[in-house]
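Understanding the architecture of this molecule
Listed below, chain by chain, are the residues.
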Amino acid sequence: MPQSSTWRSDAPAALVVFLIAVPLCLGIALASGAPLFAGIVAGIVGGVVVGALSGSALMVSGPAAGLTAIVIGGLRDLGSFEIFLLAVVLAGVIQLVLAALRAGLIGYYFPMAVIKGMMVAIGLTLVLKQIPHALGYDADAMGDEAFFQSNQENTFSALAGALRQLEWGAVLISVLALALLEGWHRLPAARSRMLPAPLMVVVLGVTLNAIFAAAAPSLVLEASHLVALPVPASIPAFFSQFTLPDFSAISDPAVWRFALILAVVASLETLLSLEATDRLDPYKREAPTDRELRAQGAGNIVSGLLGGLPVAGVIVRSAANVEAGALSRRSAILHGVLLLAAALLVPAWLNRIPLAAIAAILIHIGFRLASPAVAREELRLGRAHAVPFTVTVLAILLTDLLVGILVGLAVGVFYILRDHLQSPPFTEVSPKGAVLRRLQLHDNLNFLHKAALVTELDAIPPGSRIELDARQTRRIDADVLEVIHNFRETARLRDIDYRLVGVPKTSATAEYPVPAEYPVPAVAPAPRRTPTGR
């Protein structure tokens, strides 16, 4: 679609993502034990730098809740925030190397059951984590998505605590906000697009809190229940918040170890978020993964140089971007510009926004992500989809995003390998009832076929006549080749007439000629068929 035609959709979407990003950036920084301004810097860089370089139309990058535990460990082990920033810069450099090595291809091999499980789990996590904020219980940082929270509570104990300590002003704001979000779509399309519902929710929250101050003081939400953006006293004071990394520690092996871990984890989370965002995209556009790794690497270099947290692709803000009707990456870029302008010019205004209003927006997005239809579809597809999907959802809910995804991937890969091992490595092409059974090997045999091949060969009854035909096989792994040749000895003991056609004597990892030991007639290529079949 022409880029010039997207502004009317991208600008309102950018405003929505910006309003959500402010408390999330601050909350992730608070949960990580980093300066609050570091979260804002990462949000700005994730929007402006990564957004400009990314090939994704809709994914939004910034400080990621999934990296919180990594950041906490890095700040603790490296000893200073400045050395931590150096590790962030080096992690960006490593991501550039990964992109050059085409490591982004990994993103194409994530099981879809795990991707959908991640989206549903994030939706459920949003709902469960934001309900306390919607009720006025703001003991935990808004960006904390882990089951075990930094305030020594967990997701469920926080819910219980929220029910015991209701802030009725927050309850009223969140209930009215959810009603507004649900009913806004009934307005004419043009009006609802130019005045996005999340913006109206924020206006509603600020207005109601002002009314409470004048008419019902007992309902007023104090500063601890509002957005808490740092307010510099002057323009120079704003720029003094930027921090430079300590390059004197560049030879420290601990810095490089942490940088490598950070680069791998941030890249994994980004690729998973990219895949999920592509699934949410109504136009089903596929973003180039290697280009995304380059964009993330550049973003982490810039964020580290400016004193920001590490950045990664984040599904919550990306889902909000899609929900708000964004059409191109201009939305992500503009949200970063708005973050910079707000932090520089109007931080005090933003600090009037109730967290309950933001929580209502995130709960609404969470319900959209955790669609029961997705769960029904995965459960209907059979155990190989249902089990990885369910495990991913439960693991993310009961641990955190990173651990949950790794557990889900492990289960998903187990089912893939199990299905692979159970599938026969050949096709029987001889007529039914023929004395000679001709088994045509598949075109590419790797070590994963070894167990299935051994099982199939061991099941051949004594006295059989078998021909293994490898003329159509382009590659045979050494492990498989060893099984084929070793079977000759056991075949003699079992009185099996065993013939090899087109099988090489030794390992072949590429195309190979048929060895002279097993001469076979030349096979004429099948005639090419035209589209009309002639």
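Everything that follows concerns the structure shown earlier in this document.
So, a few notes on the structure that sits alongside this text. Per-chain numbering applies: the sequence of each chain, read as written, is numbered from 1 onward. In keeping with the predicted nature of the model, local features appear solely for residues at pLDDT of at least 70, side-chain atom pairs appear and are counted solely at 80 or more, and the whole-chain, interface and lining totals rest on all residues. In computing side-chain properties, one takes all heavy atoms of the structure into account and sets aside hydrogens as well as water.

1. Some points on the overall build of the protein chain
Stated formally: Every helix listed is a DSSP run of H or I at least four residues long, and every strand listed is a run of E at least two residues long, numbered separately from the N terminus. Accessibility here uses a 1.4 Å probe with only protein chains present; expressed as a share of the type maximum, an area under 20% marks a residue as buried, one over 50% as exposed, and anything in between as partly exposed. Whether two residues are in contact is decided by their heavy atoms, any of which lying within 4.5 Å being enough. Accessible surface is estimated by sampling points in the Shrake-Rupley manner with a 1.4 Å probe; for residues, cover comes only from the protein chains shown. Under the counting rule used here, the positive set is Lys and Arg, the negative set is Asp and Glu, and His together with the chain ends is not counted. Taken as the charge location is NZ of Lys, CZ of Arg, CG of Asp or CD of Glu.
Across its full length, the protein chain carries 21 helices and eight strands. Burial statistics for the protein chain: of 534 residues in total, 52% are counted as buried. For the protein chain, the share of sequence-separated contacts (at least 6 apart) that also reach a separation of at least 24 residues comes to 81%. In the form shown here, the protein chain has an accessible surface area of approximately 24,100 Å², with 64% of it arising from carbon and sulfur atoms. The distance from the centre of the 40 positive side-chain charges to the centre of the 39 negative ones in the protein chain is 9 Å.

2. A word on the sheet that holds strand S3 (residues 426-428)
Heads up, the condition is: Pairs of strands are assigned from DSSP output, requiring at least two bridges between the strands. Under this scheme, a helix contributes an axis fitted over its contacting stretch, all axes are lines through C-alpha atoms, and angles between N-to-C directions fall in the 0 to 180 degree range.
Spatial strand order, S3-S4-S6-S8: four strands in an open sheet with mixed pairing. Each of the sheet's edge strands pairs with one partner strand only, and the pair in question is S3 and strand S8 (497-501). The sheet shows a mean angle of 25 degrees between the axes of neighbouring strands, direction not considered. Against the sheet, helix H21 (residues 478-493) makes contact with strand S4 (436-441), strand S6 (465-469) and S8, and its axis sits at roughly 160 degrees relative to S8, the strand it touches most.

3. A closer look at the nonpolar core
The cut-off we apply is this: Buried Ala, Val, Leu, Ile, Met, Phe, Trp, Tyr and Cys residues that are joined via side-chain atoms within 4.5 Å together make up what is termed a nonpolar core.
With 114 residues, the main nonpolar core has Phe 84 and Leu 309 as its most contacted residues. Filtering out sequence-adjacent residues up to four positions away, Leu 309 remains in contact with Ile 28, Ala 29, Ala 34, Ala 38, Gly 39, Ala 42, Pro 63, Val 71, Phe 84 and Ser 303. In terms of nonpolar packing, the next biggest core, distinct from the first, is built from 21 residues, Leu 457, Leu 468, Phe 487 and Val 503 among them.

4. Considering unusual backbone geometry
A positive phi angle, near 70 degrees, is found at Gln 152, a position not held by glycine. Within the element layout of this structure, Gln 152 appears in the loop between helix H5 (112-134) and helix H6 (155-164). Positive phi, normally seen in glycine, also occurs at Asp 495, with a value near 60 degrees. Mapped onto the elements of the fold, Asp 495 is located in the loop between H21 and S8. Residue class for Asp 495 comes out exposed when judged on its relative accessible area of 58%.

5. Here we look at the pattern of salt bridges
How we decide: Whenever Lys or Arg places a side-chain nitrogen within 4 Å of a carboxyl oxygen from Asp or Glu, that contact is recorded as a salt bridge.
According to the stated counting rule, one finds 16 salt bridges in the structure shown. The shortest N-O distance in the salt bridge between Glu 428 and Arg 437 comes to 3.0 Å. For Glu 428, a relative accessible area of 41% gives the class partly exposed. Classification of Arg 437 by relative accessible area gives partly exposed; the value is 27%.

6. Topic: helix H7 (residues 168-183)
Using the following cut-off: One less than the number of residues in a helix, times 1.5 Å, gives the span that helix is expected to have.
Along its 16 residues, H7 runs 23 Å from first to last C-alpha, staying within 8% of the 22 Å computed at 1.5 Å per residue. Every buried residue of H7 is listed here: Gly 169, Ala 170, Val 171, Ile 173, Ser 174, Ala 177 and Leu 181. Taken together, the buried residues of H7 touch H5, helix H9 (197-215) and helix H16 (355-369).

7. A few points about the environment of Pro 245
Within the secondary structure layout, Pro 245 lies in the loop between helix H10 (235-239) and helix H11 (253-280). Relative accessible area serves as the criterion here: at 10%, Pro 245 is assigned to the buried category. When near neighbours in sequence (up to four residues on either side) are disregarded, Pro 245 contacts Glu 82, Leu 85, Leu 86, Val 89, Gly 304 and Leu 305.

8. Quick notes on the packing of aromatic side chains
Each pair of aromatic rings is reported with the distance of its centres and the angle of its planes. Basically, it comes down to this: Any two rings among Phe, Tyr and Trp, with Trp reduced to its six-membered ring, count as a pair given centres within 6.5 Å; such a pair is stacked if its planes are under 30 degrees apart, edge-to-face if over 60, and tilted if neither.
Per the stated rule, a full pass over the model turns up 11 aromatic pairs. Taking the centre distance of 5.2 Å and the plane angle of 85 degrees together, the rings of Phe 238 and Phe 239 count as edge-to-face. Ring geometry for Phe 414 versus Tyr 415: centroids 5.4 Å apart, planes at 85 degrees, classification edge-to-face. Among the aromatic side chains, those forming a connected cluster through ring pairs are Phe 37, Phe 238, Phe 239 and Phe 242.

9. Some words on the environment of Ala 276
Residue position: Ala 276 is located in helix H11. Overall, the relative accessible area of 0% leaves Ala 276 in the buried class. Along the primary structure Ala 276 and Val 429 are separated by 153 residues, whereas in three dimensions their C-alpha atoms are 41 Å apart. Once you skip the residues sitting within four places of it in the chain, Ala 276 turns out to touch Ile 115, Met 118, Met 119 and Ile 315.

10. Some remarks on the packing of helix H1 (residues 7-32) against H16
Under the convention used in this document: Convention used here: angles under 35 degrees read as roughly parallel, angles over 145 as roughly antiparallel, angles from 65 to 115 as roughly perpendicular, and any remaining angle as oblique. Crossing handedness: left-handed means the near helix sits turned counterclockwise from the far one by under a right angle, and right-handed means the same turn made clockwise. Each residue is assigned to one class: nonpolar for Ala, Val, Leu, Ile, Met, Phe, Trp, Tyr, Cys and Pro, charged for Asp, Glu, Lys and Arg, and polar for all the others, Gly among them.
Put simply, H1 and H16 touch, their axes get as near as 10 Å, and they point 110 degrees apart. Compared by their axis directions, H1 and H16 come out roughly perpendicular. Along this stretch, H1 crosses H16, giving a crossing that reads as left-handed. Listed contacts from H16 to Leu 19, Ile 20, Pro 23 and Leu 24 of H1 are Leu 355, Ile 358, Ile 361, Leu 362 and Ile 365. A breakdown of the residues in the contact of H1 with H16 according to their chemical character gives nine nonpolar, no polar and no charged.

11. Points about the side chain of Asn 209
The line we're drawing: Within 3.5 Å is the distance limit for a polar contact, defined as a pair of N or O atoms, with the added protein rule that one can donate a hydrogen and the other accept it, and that residues adjacent in sequence qualify only through two side-chain atoms.
The residue Asn 209 is located in helix H9 in this model. Residue class for Asn 209 comes out buried when judged on its relative accessible area of 10%. A polar contact of 2.9 Å, which involves the side chain of Asn 209, links it to the backbone nitrogen of Leu 221. Excluding residues within four positions of it along the chain, Asn 209 makes contact with Leu 219, Val 220, Leu 221 and Leu 226.

12. Looking at the pairing of S4
Here S3 pairs with S4 via three bridges, running antiparallel. What sits directly across from Glu 428, in S4, is Leu 439. Judged from the five bridges that link them, S4 and S6 form a sheet pairing that is parallel. Looking at S6, one finds that Gln 440 is bridged to Asp 469.

13. What to know about the environment of Gly 308
As for its placement among the helices and strands, Gly 308 is situated in the loop between helix H12 (289-306) and strand S2 (311-314). Residue class for Gly 308 comes out buried when judged on its relative accessible area of 0%. A sequence separation of 264 residues divides Gly 308 from Ile 44, and the C-alpha atoms of the two residues are 9.2 Å apart.

Worth remembering: the numbers are spatial, not functional.
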